[in-house]
Amino acid sequence: MTDPNWGSFEKSLRRKTSEMDPAQIRRLVLLGAVALVLIVGGWTSFYTVQPEEEVVVKRFGEVVSIQGPGLHFKLPFGVDRAYPVATQRVFKEEFGFRTVNPDEASQYRKVAADREVSLMLTGDLKVIDVEWVVQYQIEDADKYLHRARDPEQTLRDTSEAVMRRIVGNRLGSDVLTEKRVEVATRARVEIQEILDSFDLGLRIGTVELQDVTPPERVKPAFNEVNQAEQERERLINEAEKRRNQVIPRAEGEAFQVVAEAEGYAAERTNGARGEAERFAAILAEYINMPDVTRRRLYLEMIDKVLPRLGRIYIMDGAERAALPLLNLNEGSLPARGGNR
């Protein structure tokens, strides 16, 4: 049904229009067109750049300026076109998996094999499943927009090619264990070099191996082999530990025995030399003064022997009582040169 109010309004508008002068109608149309032009021109003349963005302004397809964050002016009616590029944002490309829930407890899902193959052949002809992440930033907005038709796909193809080549030149056990950081670092350097040669305006931040595992079909056998290798490494480490404990101790004891023997030999040799020199000196004195030397040697011998004999008594056969003449056990004989 037709609204009666609308019908009355339409009739009133037609009546007023029929009553108006054609010049007035043209004037109203002209004013409406001018107002529309002004509104559209004002609407298309200003644009806002977000804090994490840069805007590439192109005039008839040619880059005329690159503007930073803030409110800016450009020629209206499509003469200047603004293309925002998030140069301060960190982007990432995931290979072999996709993030389902990026919250605190992140959840991932495996990508179907027909869409993205993450199986790689290593240098020792083993097949492993490699999942990795490439984080990057847009360094040059102009190059990012105009050097390649699809920069993200170019980055993905380059990353996959580089990762397959690096993994193919290394042992599977190295990629699965201690060489993961080295593989990621090398991949980041080579991907950046290739992107620089393409002049894409992209800067690689990090390349991180998310997960490196054997294929599901061979995982049980691979785990058994891995356990055997770990057991072998454990036994080798224990043997090395035992060797490091026993050999240094044996070497130290050998050095100690040798040092003691050398010290004993030096002591005996020096003592023998001293005795020989002493005997030679006594012999020279004996040749010069035999009586005095003989008496001195005798007294020195008595001085050493008598203190070890204990209490000594000298008895006279003609007497009945003991005559203690000398307390020989109280000390040594008087010094030579004194009363004897």
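Relevant structure appears above.
Think of each chain on its own: its residues are numbered from 1, step by step along the sequence as written. A pLDDT threshold of at least 70 governs which residues receive local features in this predicted model, and a stricter bar of 80 or more applies before side-chain atom pairs are shown or counted, although totals over entire chains, interfaces and linings include all residues. Side-chain metrics rest on all non-hydrogen atoms present in the structure, leaving aside hydrogens and water.

1. Description of the environment of threonine 87
- With respect to the helices and strands, threonine 87 occurs in the loop between β5 (80-85) and β6 (91-95).
- When its relative accessible area of 7% is taken as the criterion, threonine 87 is described as buried.
- Spatially, the C-alpha atom of threonine 87 lies 9.8 Å from that of tyrosine 144, the residues being 57 residues apart in sequence.
- By definition in these notes, contact holds between two residues if any of their heavy atoms fall within 4.5 Å. Those residues in contact with threonine 87 that sit more than four places away from it in its chain are Glu52, Glu53, Glu54, Gln137, Ile138 and Ala141. The secondary structure listing takes helices from DSSP runs of H or I that are at least 4 residues long and strands from runs of E that are at least 2 residues long, numbered from the N terminus. Think of it in three bands: residues with accessible area under 20% of the maximum for their type are buried, residues over 50% are exposed, and the middle band is partly exposed, with areas taken using a 1.4 Å probe on protein chains only.

2. Thoughts on helix α6 (residues 180-198)
- Multiplying one less than the number of residues by 1.5 Å gives the expected span of a helix. Taking 1.5 Å of rise per residue, the 19 residues of α6 would be expected to cover 27 Å, and the 27 Å separating its terminal C-alpha atoms lies within 8% of that figure.
- Turning to α6, its buried residues are Val183, Ala184, Ala187, Glu190, Ile191, Gln192 and Leu195.
- Buried residues along α6 sit against α4 (151-168), α5 (172-176) and β11 (202-213).
- Positive backbone phi, at 60°, marks aspartate 199, one or two positions downstream of α6.

3. Topic: the pairing of strand β1 (residues 46-49)
- Alternating positions in β1 separate cleanly, Tyr47 and Val49 being buried on one face and Phe46 and Thr48 remaining unburied on the opposite face.
- Sheet topology places β1 next to strand β4 (residues 70-73); four bridges connect them, and they run antiparallel. Of the residues in β4, the one forming a bridge with phenylalanine 46 is phenylalanine 73. DSSP-based pairing: two strands are paired if at least 2 bridges between them are found.

4. Regarding the pairing of strand β3 (residues 62-67)
- Pairing geometry for strand β2 (residues 54-59) and β3, over five bridges, is antiparallel. Within the sheet, the bridge partner assigned to lysine 58 lies in β3 and is valine 63.
- Linking β2 back to β3 in an antiparallel pair, the connection comprises two residues, with phenylalanine 60 at a positive phi of about 55°.

5. Remarks on the pattern of salt bridges
- Note on definitions: salt bridges are taken to be side-chain nitrogens of Lys or Arg within 4 Å of carboxyl oxygens of Asp or Glu. A full pass over the atoms with the stated rule returns 19 salt bridges.
- Between aspartate 199 and lysine 143 there is a salt bridge whose closest N-O contact spans 3.0 Å. You can see aspartate 199 sitting in the loop between α6 and β11 and its partner lysine 143 sitting in helix α3 (residues 141-146), a full 56 residues away along the chain.
- With a relative accessible area of 27%, aspartate 199 lands in the partly exposed category.
- The class of lysine 143 is partly exposed, set by a relative accessible area of 25%.
- The network of salt bridges with shared partners includes Lys143, Arg147 and Asp199.

6. Some details on the sheet that holds β2
- The three strands are arranged β3-β2-β5 in an open sheet whose pairing can be described as antiparallel. Every interior strand has two partners, whereas the edge strands, β3 and β5, have only one. Averaged over all pairs of adjacent strands, the angle between strand axes in this sheet comes to 25°, irrespective of strand direction. Orientation is described by axes fitted as lines to C-alpha atoms, over the contacting stretch for helices, and by angles from 0 to 180 degrees between their N-to-C directions.

7. So, the packing of aromatic side chains
- Two rings from Phe, Tyr or Trp (for Trp, the six-membered ring) form a pair when their centres sit within 6.5 Å of each other. Planes less than 30 degrees apart are called stacked, planes more than 60 degrees apart edge-to-face, and all others tilted. For the coordinates displayed, the defined rule picks out two aromatic pairs.
- The interplanar angle of 25° and the centroid separation of 5.7 Å between the aromatic rings of phenylalanine 91 and tyrosine 136 together place this pair among those described as stacked. Of this pair, phenylalanine 91 sits in strand β6 while tyrosine 136 is found in strand β10 (residues 127-138), placing the two residues 45 residues apart along the sequence.
- Phenylalanine 91 sits in the partly exposed class, given a relative accessible area of 22%.
- We classify tyrosine 136 as buried; its relative accessible area is 4%.
- When the centroid spacing of 4.5 Å and the interplanar angle of 5° are considered together, the rings of phenylalanine 95 and tryptophan 132 count as stacked. With phenylalanine 95 in strand β6 and tryptophan 132 in strand β10, this pair connects stretches of sequence that are 37 residues apart.

8. Notes on the environment of proline 69
- Among the structural elements, proline 69 can be located in the loop between β3 and β4.
- For the pair proline 69 and valine 55, spaced 14 residues apart in the sequence, the C-alpha separation amounts to 8.3 Å.
- Excluding its chain neighbours within four sequence positions, the residues that come into contact with proline 69 are Val49, Gln50, Pro51 and Glu53.

9. Details of the packing of helix α7 (residues 219-288) against helix α8 (residues 290-305)
- In contact at an axis separation of 6 Å, α7 and α8 are set at 135° when each is read in the N-to-C sense. Relative to α8, the element α7 is oriented oblique. Here Arg278, Ile282, Glu285, Tyr286, Ile287 and Asn288 of α7 come into contact with α8, specifically with Pro290, Thr293, Arg294, Leu297 and Glu300.
- Ten residues, namely Ala, Val, Leu, Ile, Met, Phe, Trp, Tyr, Cys and Pro, are considered nonpolar, four, namely Asp, Glu, Lys and Arg, are considered charged, and the remaining ones, Gly among them, are considered polar. Within the contact of α7 with α8, the residues separate by chemical class into five nonpolar, two polar and four charged. Reported orientations rely on four angle classes, namely roughly parallel under 35 degrees, roughly antiparallel over 145, roughly perpendicular from 65 to 115, and oblique for the rest.

Any functional reading would require information beyond the geometric quantities listed.
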